[in-house]
Amino acid sequence: MRGNADGLTKRQLLPAATVMRSRQLRRDAGSPERLIWSALRTTFPEARFRRQVPFGPYHADFCAHGARLIVEIDDATHAERRDRDDRRTAFLNSEGYRVIRFWNNDVMTNIDGVIDAISDALPGRRDVLHG
């Protein structure tokens, strides 16, 4: 059976405001997020990445549940709030996920390098792509 005892999935159990916030974040994605989303979907379709996934009080930019991997894309404001990002990463790690981060600039100027780093982080992908 899918879902809990009442047949409800985790998404169906989320507060409406959380679902609305996820949709808003997807709709308002910037250029780096749109670029990496396209690259993730075409390069790693089997990883089944999702975007703006709620985790407790946070939203992960991109998440592959099967690989237990979260990809975060950070802008300049993240340099100023390092403590908050450290707490967020600790929370996501405690949920069993590995978090890797990239700067917007890296995504926009070195998408191939970013994709290589994500490939290295995905279980079983390194051998497939690097021979």
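Residues numbered from 1 in each chain as written. Predicted model: local features only at pLDDT ≥ 70, side-chain atom pairs only at ≥ 80, totals over all residues. Heavy atoms only, no water.

**Student:** Outline the overall build of the protein, supporting the account with residue identities and numerical values.
**Tutor:** The number of helices and strands found in the protein is eight helices and four strands. Counting helices and strands in the order they occur from the N terminus, the protein gives α-α-α-β-β-β-α-α-β-α-α-α. Looking at the protein residue by residue over its 131 residues, the buried ones come to 37%. In the protein, the share of contacts with a sequence separation of at least 24, taken over all contacts with a separation of at least 6, comes to 56%. (Helix = DSSP H or I, 4+ residues; strand = E, 2+ residues; numbered from the N terminus. Buried < 20%, exposed > 50% of the residue type's maximum accessible area, 1.4 Å probe, protein only. Contact = heavy atoms within 4.5 Å.)

**Student:** Help me get a handle on the sheet that holds strand β3 (residues 69-74), residues and values and all.
**Tutor:** Strand pairing within a sheet occurs via backbone hydrogen bonds; the two strands may be parallel or antiparallel. The mixed open sheet is built from four strands, whose spatial order is β1-β2-β3-β4. Sheet topology places β1 (50-55) and β4 (98-103) at the edges, where each strand pairs with a single neighbour. Sheet twist, expressed as the mean angle between neighbouring strand axes with direction ignored, is 45 degrees. Both strand β2 (residues 58-64) and β3 contribute to a ladder of three bridges, which runs antiparallel. Along β3, the bridge assignment pairs F62 with V71. Helix α5 (residues 82-94) rests against β1, β2, β3 and β4 of the sheet, and its axis sits at about 145 degrees to β4. Helix α7 (residues 111-121) contacts β3 and β4 of the sheet and is inclined by roughly 175 degrees relative to β4. (Pairing = 2+ DSSP bridges. Axes fitted to C-alpha atoms, helices over the stretch in contact; angles between N-to-C directions.)

**Student:** So, the confidence of the model for the protein: which residues are in play, and what are the values?
**Tutor:** Looking at the protein as a whole, the pLDDT averages 83, with 79% of positions reaching at least 70. Here helix α8 (residues 125-130) stands out as the element of the protein with the lowest mean pLDDT, 46, in contrast to α7, whose mean of 96 is the highest. The low-confidence segment residues 126-131, where pLDDT is below 50, has seven contacts with residues more than four positions distant or belonging to other chains. (pLDDT = per-residue confidence, 0-100.)

**Student:** Account for the layout of surface pockets, naming residues and giving values.
**Tutor:** In this structure, the second largest pocket spans a volume of roughly 490 Å³. As for the second largest pocket, its lining consists of 23 residues, of which R21, L25, Q52, D61 and R81 are closest to the centre. At the level of elements, α2 (16-27), β2, β3, α4 (77-80) and α5 are the ones that each hand at least two residues to the lining of the second largest pocket. Residues that form the lining of the second largest pocket fall into these classes: five nonpolar, seven polar and 11 charged. (1 Å grid on protein atoms, 1.4 Å probe; cavity = no way out; pocket = protein on both sides within 12 Å on 5 of 7 lines; lining within 4 Å. Points joined across faces, edges and corners; volume = space filled by probe spheres on them. Nonpolar A, V, L, I, M, F, W, Y, C, P; charged D, E, K, R; others polar.)

**Student:** Please set out α7 residue by residue, giving values where relevant.
**Tutor:** One turn of an α-helix holds 3.6 residues; hence residues three or four places apart share an orientation. Taken together, the buried positions of α7 are V114, I115, I118, S119 and A121. All buried residues of α7 fall inside an arc of 160 degrees around its axis, so they share one side. (Arc of directions from axis to C-beta.)

**Student:** Provide a residue-level description of the packing of aromatic side chains, including the pertinent values.
**Tutor:** Aromatic rings considered in pairs are described by the distance between their centres and by the relative angle of their planes. Taken as a whole and judged by the stated rule, the model has four aromatic pairs. Between F55 and Y97, the aromatic rings sit 4.9 Å apart at their centres with planes inclined by 75 degrees, giving edge-to-face as the arrangement. Of this pair, F55 sits in strand β1 while Y97 sits in the loop between α5 and β4, and the two are 42 residues apart along the sequence. In terms of burial, F55 and Y97 fall into one category: buried. (Phe/Tyr/Trp six-rings, centres within 6.5 Å; stacked < 30°, edge-to-face > 60°.)

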